[in-house]
Amino acid sequence: MRRLLMWVITGIVTLGSATFVFANNNFLAGGDMPGPGGTTQSAGGWEIRNSSGGFVTSGALWAARRDHCAVKLTTGNIMLVGGTWSVGTWEIRNTSGGLVSNGTLWASRTRDFTCTVLSTGNVMIIGGLQSAGTWEIRNSSGGLMSSGSLWASRYQHTATLLTNGNVLVVGGGASTGTYEIRNSSGGLVTSGSSSFSRFLHCAVRLSNGNVFLAGGNGFASSWEIRDSSYGLVSNGSLSSSRSAYFTCNLLLNGNVFIAGGSISPSTWEVRNATGGLVANGSLSDTRNGHAAQVQSNTGNILITGGSGSSAASTLWELRSSAGALVGSGGLNWTHLAVPALAEY
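This one's a predicted model, so the numbers in the text were calculated from it and none came from an experiment.

**A short note on the overall build of the protein chain**
Inference 1: Each helix and strand counted, the protein chain has 0 helices and 29 strands in total.
Inference 2: A burial count over the protein chain gives 58% of its 344 residues as buried.
Inference 3: For the protein chain, the accessible surface area stands at approximately 11,600 Å², while carbon and sulfur atoms represent 49% of it.

**A short note on the sheet that holds strand 20 (residues 232-237)**
Inference 1: Ordered by their spatial adjacency, 4 strands build an open sheet running 17-18-19-20, and the pairing between neighbours is antiparallel. Each end of this open sheet is capped by a strand with a single partner; those strands are strand 17 (202-205) and strand 20. Pairwise comparison of adjacent strand axes, ignoring direction, gives a mean angle of 15 degrees for this sheet.
Inference 2: As defined by bridge partners, strand 19 (residues 222-226) adjoins strand 20 across 5 bridges and the pair is classed as antiparallel.

**Topic: the environment of I301**
Inference 1: Mapping I301 onto the fold places it in strand 26 (residues 301-304).
Inference 2: Taking the C-alpha atoms as reference, I301 lies 9.9 Å from L250; in sequence the two are 51 residues apart.
Inference 3: Residues contacting I301, with those up to four places away along its chain left out, are N249, F257, A292, Q293, V294, E317, L318, R319 and S320.

**Focus: the packing of aromatic side chains**
Inference 1: Overall, the coordinates contain 4 aromatic pairs when judged by the stated rule.
Inference 2: Considering the side-chain rings of Y179 and Y230, the 4.0 Å spacing of their centres and the 25 degrees angle between planes classify their relative orientation as stacked. Note that Y179 is positioned in strand 15 (residues 178-182) and Y230 in the loop between strand 19 and strand 20, a separation of 51 residues in sequence. Each member of the pair Y179 and Y230 is classed as buried.
Inference 3: If you follow R226 out to its NZ or CZ, it ends over the ring of Y230, 4.0 Å from the centre.

**Quick notes on the pairing of strand 3 (residues 45-49)**
Inference 1: Taking burial as the measure, the 5 residues of strand 3 include 5 buried ones, the bulk of the element.
Inference 2: Neither face of strand 3 is exposed, since G45, E47 and R49 on one face and W46 and I48 on the opposite face are all buried.
Inference 3: Relative to strand 4 (residues 55-60), strand 3 runs antiparallel, the two sharing 5 bridges. Paired with W46 across the bridge in strand 4 is G59.
Inference 4: Adjacent in sequence and paired antiparallel, strand 3 and strand 4 are bridged by 5 residues, among which G53 carries a positive phi angle near 95 degrees.

**Some words on the side chain of R287**
Inference 1: Of note, R287 is situated in the loop between strand 24 (277-282) and strand 25 (291-294).
Inference 2: Using a relative accessible area of 1% as the deciding quantity, one classes R287 as buried.
Inference 3: Of note is the side chain of R287, whose polar atom sits 3.3 Å from the backbone oxygen of A312.
Inference 4: Here R287 is in contact with G260, G261, P265, I303, T304, G305, G308, A312, L315, W316 and E317, once residues within four sequence places are set aside.

**What to know about the environment of T247**
Inference 1: For T247, the position within the fold is in strand 21 (residues 247-250).
Inference 2: Residues T247 and G261, 14 residues apart in the sequence, show an inter-C-alpha distance of 7.5 Å.
Inference 3: A distance of 2.9 Å separates polar atoms of two side chains, one belonging to T247 and the other to H290.

**Let's talk about the sheet that holds strand 11 (residues 134-138)**
Inference 1: What the 4 strands build is an open sheet, ordered 9-10-11-12; its pairing is antiparallel. Pairing within the sheet leaves two strands with one partner each, and these edge strands are strand 9 (114-117) and strand 12 (144-149). Recorded for the sheet is a direction-independent mean angle of 15 degrees between the axes of neighbouring strands.

Reading the values: the criteria
Residues numbered from 1 in each chain as written. Predicted model: local features only at pLDDT ≥ 70, side-chain atom pairs only at ≥ 80, totals over all residues. Heavy atoms only, no water. Helix = DSSP H or I, 4+ residues; strand = E, 2+ residues; numbered from the N terminus. Buried < 20%, exposed > 50% of the residue type's maximum accessible area, 1.4 Å probe, protein only. Areas by Shrake-Rupley, 256 points an atom, 1.4 Å probe, with all protein chains shown as cover. Pairing = 2+ DSSP bridges. Axes fitted to C-alpha atoms, helices over the stretch in contact; angles between N-to-C directions. Contact = heavy atoms within 4.5 Å. Phe/Tyr/Trp six-rings, centres within 6.5 Å; stacked < 30°, edge-to-face > 60°. Lys NZ or Arg CZ within 6 Å of the ring centre and 35° of its normal. Polar contact = N/O pair within 3.5 Å; in protein donor to acceptor, adjacent residues only side chain to side chain.

Set out below in structure tokens:
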């Protein structure tokens, strides 16, 4: 599994004598396509694209990364964590892509872990294939705040920040039918079992504070909505089955945009805050393990890369909140990826 990072950035960058003002741009980083001489160009590089998909500039990461995660910090910087090429490291980058700092993790994070920004501004890193039973919390400078053990080992899970500041952790390859809720210090609040056994699923906090979960191995054709105590609010069926490597994004209008995946790589669907189907249709290319990011200035959604077809990893498409195609084009590098996402 490979990772692509995409985030939206706002700031000013000076390159030589040229200055670029980045407003509602997108930063894509990582992947694992080999470059000249056996190097991993995409794994070690990043590119910036504007909200219309156009290329702005590109550069190099401190460490080559795939299967990593990334989050926007309260400082406005971005923290990148772990990944197959650099399992025990983190780095922080500013809005120009410049390196701010880097360091070592408490536990190795190879793949299938999560990173969640807490209400305190710290980052909770949970599970992963190599350290499935652990969590650690880091501050916005990368410093270790605390660490500990999970109630259940987890990888390929989801971790969603709730409105009360707790984190809802659901499913995963090692504990598919379970959940646990942890507070901002890492302490266990509650835990239990679920009738929906999910891993490689998606989770999105809705505008009303509930959490929308969908697809994944085990329940690929279904969705469910949970409250902040993991109480079941409602559930139903997706229009297309999605077992893994699809994306779910909260749109500015409160709906959820679901795209691609290993069973239905050429499709998208939009669902409202109660789970009802709003619209569905076909993508421009088949996408599996792609990245998707809502554009905060237009409400459109930029979808990039993936391995659904031989061409998908080099292409992007831009769609409206209703699913209509707005634009499409080529990426600077090849990005075969399972996305890590953060927005400025």
